[in-house]
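# Examination of the molecular architecture
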Amino acid sequence: SVQKAPASPTGQAESNDAASGESGTSSLPDDPGQEILPLAEPEPAPATGVPVQVEAQHQDRIGDVWTLNGDVVIHYRDYVLSADRVVYHQSTSLLEAEGHLRVTGGPNDVLIEALHGDMRLNMHTARFYNVSGSMGVRRAGRSTVYSTPNPFLFSGRVLLQTGEGSYRMIDGSMTNCRLPKPDWVVISHSIDLANGKASMSNSFFKFLGMPIFYLPYLRHPIDETGRESGLLIPIISNSTIKGFIVGEQVYWAISRSMDAVVGSEYYSKRGFAPNGDFRYKGPGLDHLTAKWNALFDRGVAASSIEGSTGTGIVNQGGVDVNALGRKDLSPETRLAGNVEYLSSYIYRLVFNDNYSQAVSSEVQSNLSLTHTHNGFVPSASMDRFQTFASSAAGDEVRILHLPSLRFDVVDRPLGQAHLYWSMGSSLGYLSRSEFTFHPRNVGRFDFYPHLSMLFEKGGWSVAPEVALRDTFYTIKQNPDLTGAHNGIPTISHEALNRADAEASLSLRPPALVRDYTLGRWNRQLRHVIEPEITYKFVEGINGQARNVILFDTTDIATNTNEAGYSLTQRFYLRPTNSQPCAGDEGSTAGACPAKPREWATWQIAQKFF
């Protein structure tokens, strides 16, 4: 076969064809598989130096040396440099700056302020003198924005830059507390900043201006996601109950989404107290947090306990574990729970450092699986509620829902009419245990449909609603009306069916609104008065209410015929000046309208039965 040769790239081949007398045809190559290669052209050498953009009041140039004076601003790469005077050697990219030297930008949002310094722009090396600065902090107009939850703030006598993002500070200090008055700082003769970490040796930890600890070695993350496994600052304190306290914790960065802290404290008067916590943050709203505290108590003499008349040694140790989490199995299905276990209420009373937790006598656990689709909400849950009446052993109440199945329907339109229907239903296996009352293995079925309608006109709204409710129990209680059992009900294994009919009406007149201008405080005050009239009627329960064993709010129902009214007053505050909006990379995009906030609310209500 004969292949057609490609067209000749030069005019020389065409002239040769014409000389041979074969006009209109191209010469064939000697080898049929030969191809004509494109001509190679040398690539131009890249430009040398670092592109810079210069702004200054006075600019002088001699050869390749620029001398800039007065409000000097230089843009190079992702950085902005400002100073009073700058000498820039263009051929070597050496820059010498004096007076109010300031460098900002870069991948770590670095901010460096110094009296003077010199830089090699093409090598990312520099020396700064009398330095203060930060990483992870940027400016948005006049506002300071923290671009990371862990900003790194530093100051020192000399700052040496050995590469992009790599620094060494001489005679400096560091902190991540918000300025201008940080609660703590670490001071050291030499601090190395590289690879997202600050490392130092022979340093001192100062708290509120006072040296507290000597740290032979310390490593601290300085970037947004930087975490480092290692030992935390030791715990040293003293307590009248615990004695001398010394402890240590280990931080473990398991992965990007998980970490844990495990440690222990030693109480000289009581014993060892292990503790720790675990954290996980997954995609979306997925998370898990677990905390645990314990004490292996050696015991304390009963005679030393206030109000105690006993003798011997009393063990007040215990375990307190709490876990909170959520897992989205699909966009419509989630598993969530809050689980707590407390082995001893006296342990919480004596050793919990949080006052609100120490005086709380309740321990609640809930684990639920919920699916939501088009307003239909099936769910399954397990609940455990425990409350302590006193610190005495066994003086407590436990209520269990193991398990509880629910099927709820949110308000849905009924046909073409302005009617809405909804429903709540549940099936549960319940138990209750207290000191002298133990109803167990109770089955309960509750069915609660609603029908409502909403009228609105001229600011008035009327919402009538009717409902039927039927609740079935496998066990009931008989109240002690004669006092033969000290007021404690007795359990009857007869079934109980409680049914009732309900109706309600809510009438809301138009709200009253008035605005006031508070010129002295640059605020606008809005006062809103919301009146409401309500009526509720329940019939059919009669004397069955006293035969119902109480587990939760589902069991609390009685006949009623009541009317009431209320006045709700709300106060909203809004700044009269618009606030700047932060655009991309901290730039000011424009003015945002100020958002109001609810400053105070109270309600006055009265009911007639």
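Residues numbered from 1 in each chain as written. Predicted model: local features only at pLDDT ≥ 70, side-chain atom pairs only at ≥ 80, totals over all residues. Heavy atoms only, no water.

On to the overall build of the protein. Of the regular secondary structure elements, the protein holds three helices and 40 strands. Residues counted as buried form 32% of the 609 residues belonging to the protein. Contacts in the protein between residues far apart in sequence, at least 24 positions, make up 46% of those at least 6 positions apart. Surface exposure of the protein reaches about 37300 Å², of which carbon and sulfur atoms provide 56%. (Helix = DSSP H or I, 4+ residues; strand = E, 2+ residues; numbered from the N terminus. Buried < 20%, exposed > 50% of the residue type's maximum accessible area, 1.4 Å probe, protein only. Contact = heavy atoms within 4.5 Å. Areas by Shrake-Rupley, 256 points an atom, 1.4 Å probe, with all protein chains shown as cover.)

This part takes up the packing of aromatic side chains. Tallying each qualifying case throughout the model produces twelve aromatic pairs. Aromatic pair Tyr76 and Tyr79: ring centres 5.6 Å apart, planes at 15°, arrangement stacked. For the pair Trp184 and Phe205, a centre-to-centre distance of 5.7 Å together with 25° between the ring planes defines the contact as stacked. Pair noted here: Trp184 is in strand β12 (residues 184-194) and Phe205 is in strand β13 (residues 197-207), with a separation of 21 residues, a long-range link. By relative accessible area, which is 12% here, Phe205 ends up buried. These aromatic residues form a ring-pair network of at least three members: Trp184, Phe205 and Phe213. Against the face of Tyr448 rests Arg469, its NZ or CZ located 4.2 Å from the ring centre. One residue, Arg520, lies across the ring of Trp521, its end atom 5.7 Å from the ring centre. (Phe/Tyr/Trp six-rings, centres within 6.5 Å; stacked < 30°, edge-to-face > 60°. Lys NZ or Arg CZ within 6 Å of the ring centre and 35° of its normal.)

Once that is clear, we can look at the side chain of Asp259. Assignment of secondary structure puts Asp259 in strand β18 (residues 258-267). Judged by its relative accessible area of 4%, Asp259 falls in the buried class. At 2.5 Å, the side chain of Asp259 forms a polar contact with the side chain of Arg279. (Polar contact = N/O pair within 3.5 Å; in protein donor to acceptor, adjacent residues only side chain to side chain.)

With that settled, the discussion passes to the nonpolar core. The tendency in soluble globular proteins is for nonpolar side chains to be buried side by side. Judged by nonpolar contacts, the single largest core of 38 residues is most densely connected at Leu81, Val86, Leu95, Val103, Ile112, Met119 and Phe128. Among the elements that take part in this core, strand β4 (residues 79-89) stands out by supplying five residues, more than any other. Sequence-distant contacts of Leu95, defined by excluding residues within four places in its chain, comprise Ile74, Leu81, Val86, Val87, Tyr88, Gly117, Asp118, Met119 and Leu121. Listed in part, the ten residues of the second largest apolar core include Ile245, Leu342, Tyr345 and Phe388. (Core = buried A, V, L, I, M, F, W, Y, C linked by side-chain atoms within 4.5 Å.)

As paired elements, strand β17 (residues 243-255) and β18 share nine bridges and run antiparallel to each other. Residue pairing for β18: Val246 is matched across the bridge by Tyr266. Between the antiparallel neighbours β18 and strand β19 (residues 271-281) lie three residues. (Pairing = 2+ DSSP bridges.)

Right, let's talk about the confidence of the model for the protein for a bit. Looking at the protein, the pLDDT average stands at 84 and 84% of residues meet or exceed 70. Scored below 50 in pLDDT, residues 1-27 shows 15 contacts in the model against residues more than four places distant or in partner chains. Confidence drops under a pLDDT of 50 for residues 31-36, and excluding neighbours within four residues, the segment shows five contacts in the predicted structure. (pLDDT = per-residue confidence, 0-100.)

Here the largest pocket is characterised by a volume of approximately 1200 Å³. Along the wall of the largest pocket there are 37 residues; nearest its centre are Arg219, Pro221, Glu228, Leu232 and Tyr251. Of all the secondary structure elements, the ones that give two or more residues to the lining of the largest pocket are β12, β14 (210-221), β15 (230-231), β17, β18, β19 and β20 (287-297). Top contributing element to the lining of the largest pocket by residue count: β14, with nine residues. (1 Å grid on protein atoms, 1.4 Å probe; cavity = no way out; pocket = protein on both sides within 12 Å on 5 of 7 lines; lining within 4 Å. Points joined across faces, edges and corners; volume = space filled by probe spheres on them.)

Judged from the 16 bridges that link them, strand β36 (residues 523-539) and strand β37 (residues 560-575) form a sheet pairing that is antiparallel. In the strand pairing of β37, Tyr535 is matched with Ala563. Pairing between β37 and strand β40 (residues 597-608): eleven bridges, direction antiparallel. If you follow Gly564 over to β40, its bridge partner there is Lys607.

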